[in-house]
Amino acid sequence: VEIVQEIKRQAGADFPVSLRYSVVSKTKAWGKGAMPYETDFVEFGRDMPESEKAVKYLEDAGYDMFNCDNGTYDAWYWAHPPQYMPDNCNLEYVEHIKQFTSRPVVCAGRMDPVKAAEEIAAGRLDAVAMFFHPSPHRNRYMVQVQAVQA
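Bear in mind the structure is a predicted one, so any value in this text is a computation, not a measurement.

K.L.:
Can you explain the overall build of the protein chain? Please cite residues and give values.
P.N.:
Each helix and strand in the protein chain was counted, giving 6 helices and 6 strands. Secondary structure elements of the protein chain, listed N to C terminal, follow the sequence α-β-β-β-α-β-α-α-β-α-β-α. Within the protein chain, the proportion of its 150 residues that are buried is 37%. Sequence separation of at least 24 residues holds for 61% of the intrachain contacts in the protein chain that already meet a minimum separation of 6. A total of about 9000 Å² of accessible surface is found on the protein chain, and carbon and sulfur atoms cover 56% of it.

In structure tokens form, the structure reads like this:
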């Protein structure tokens, strides 16, 4: 709370402050992250009920936007999904948490451009976060996103 308050004090109350927010931890134990196919485990870290309360607390503290993913250091592949993670791997969690804040919510995590545009158009997301690796596929992906937006 003190961090966002100090940013606002130094930069001005109208200065927008975004927080990268992991909705749920996807962690089974110390050093043991859950994989996407593992659905029957007890969440060792932040679970959805705690996240529903935390996002409201953070909104009240002054954050203006939540750039959401899942995971922790022990389940890093949710926050930075490699190729083996399913497309839109964080979507259902981010869409759920949007119901508990009035601030814009951004979803990160292997977002398919067509699905991303559909979810934004439907009001279930405010934006998506995408990482671009310098590769020959970068331009093809941007053309797909632009085509969906047209």
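Next, the rest of the story.
K.L.:
Got a sec to walk through the packing of aromatic side chains? Specific residues and values, please.
P.N.:
Throughout the structure, instances matching the rule amount to 3 aromatic pairs. On the numbers, 5.2 Å between centres and 75° between planes, the contact of tryptophan 30 with phenylalanine 44 is edge-to-face. A residue pair is termed long-range when its members are at least 10 positions apart, and tryptophan 30 in the loop between strand 2 (27–29) and strand 3 (32–33) and phenylalanine 44 in the loop between strand 3 and helix 2 (48–61) qualify at 14 residues. The cationic tip of lysine 26 hangs over the ring face of tryptophan 78; the distance from NZ or CZ to the ring centre is 4.6 Å.

K.L.:
Quick rundown of the state of the cysteines? Include the residues and the values.
P.N.:
A full pass over the atoms with the stated rule returns 0 disulfides. Residue cysteine 68 stays outside any disulfide, its sulfur separated by 7.5 Å from that of cysteine 107, the closest cysteine. On the accessibility criterion, cysteine 68 (0% relative accessible area) is buried.

K.L.:
Which residues make up helix 5 (residues 113–121), and what values do they have?
P.N.:
Within the sequence span of helix 5, burial applies to Pro113, Ala116 and Glu119. Down the axis of helix 5, the sector holding all buried residues measures 125°, keeping them to one side. Just past helix 5, the residue glycine 123 takes up positive phi, approximately 85°.

K.L.:
How would you explain the sheet that holds strand 1 (residues 18–22) if you had to name every residue and give the values?
P.N.:
Strand order in the open sheet made by the 4 strands is 1-4-5-6, with parallel pairing throughout. Both edges of this open sheet fall to strand 1 and strand 6 (127–129), since each of them pairs with a single strand only. Put simply, the sheet's adjacent strands are angled 30° from each other on average, direction ignored. In this sheet, strand 5 (residues 105–108) lies alongside strand 4 (residues 65–69) in parallel orientation, the contact comprising 3 bridges. Bridge pairing in strand 5 links asparagine 67 to valine 106. Along the sheet, helix 2 makes contact with strand 1 and strand 4, crossing strand 1 at roughly 170°.

K.L.:
Describe unusual backbone geometry, and please don't skip the residues or the numbers.
P.N.:
Although it is not a glycine, asparagine 88 sits at a positive phi angle of roughly 60°. One non-glycine residue, arginine 110, lies in positive phi territory at about 50°. Topologically, arginine 110 is positioned in the loop between strand 5 and helix 5. Judged by relative accessible area, which is 23%, arginine 110 ranks as partly exposed.

About the thresholds
Residue positions are given per chain, counting from 1 as you read along its sequence in written order. The model is predicted, so local features are restricted to residues of pLDDT at least 70 and side-chain atom pairs to those at 80 or more, both for listing and for counting; the totals for chains, interfaces and linings are taken over all residues. Hydrogens and water molecules were not included; the side-chain quantities draw on all heavy atoms of the structure. Numbering of helices and strands starts at the N terminus; helices are DSSP runs of H or I of at least 4 residues and strands are runs of E of at least 2. Think of it in three bands: with a 1.4 Å probe and only protein chains considered, a residue is buried below 20% of the maximum accessible area for its type, exposed above 50%, and partly exposed in between. Whether two residues touch is decided by their heavy atoms; if any such pair falls within 4.5 Å, the residues are in contact. Areas reported as accessible are Shrake-Rupley estimates using a 1.4 Å probe. Residue values count occlusion only from the protein chains shown. Any Phe, Tyr or Trp ring, taking Trp's six-membered ring, that has another such ring centre within 6.5 Å forms a pair; planes under 30 degrees apart are called stacked, those over 60 apart edge-to-face, and the others tilted. We count a charge as sitting over a ring when the NZ of a lysine or the CZ of an arginine lies within 6 Å of the ring centre and within 35 degrees of the ring normal. Disulfide assignment relies on a single distance test, namely cysteine sulfur atoms paired within 2.5 Å. What the arc describes is the spread of directions from the helix axis to the C-beta atoms. Think of it this way: DSSP has to see at least two bridges between two strands before they count as a pair. Axis lines are fitted through C-alpha atoms, for helices just across the contact stretch, and the angle between N-to-C directions can take any value from 0 to 180 degrees.

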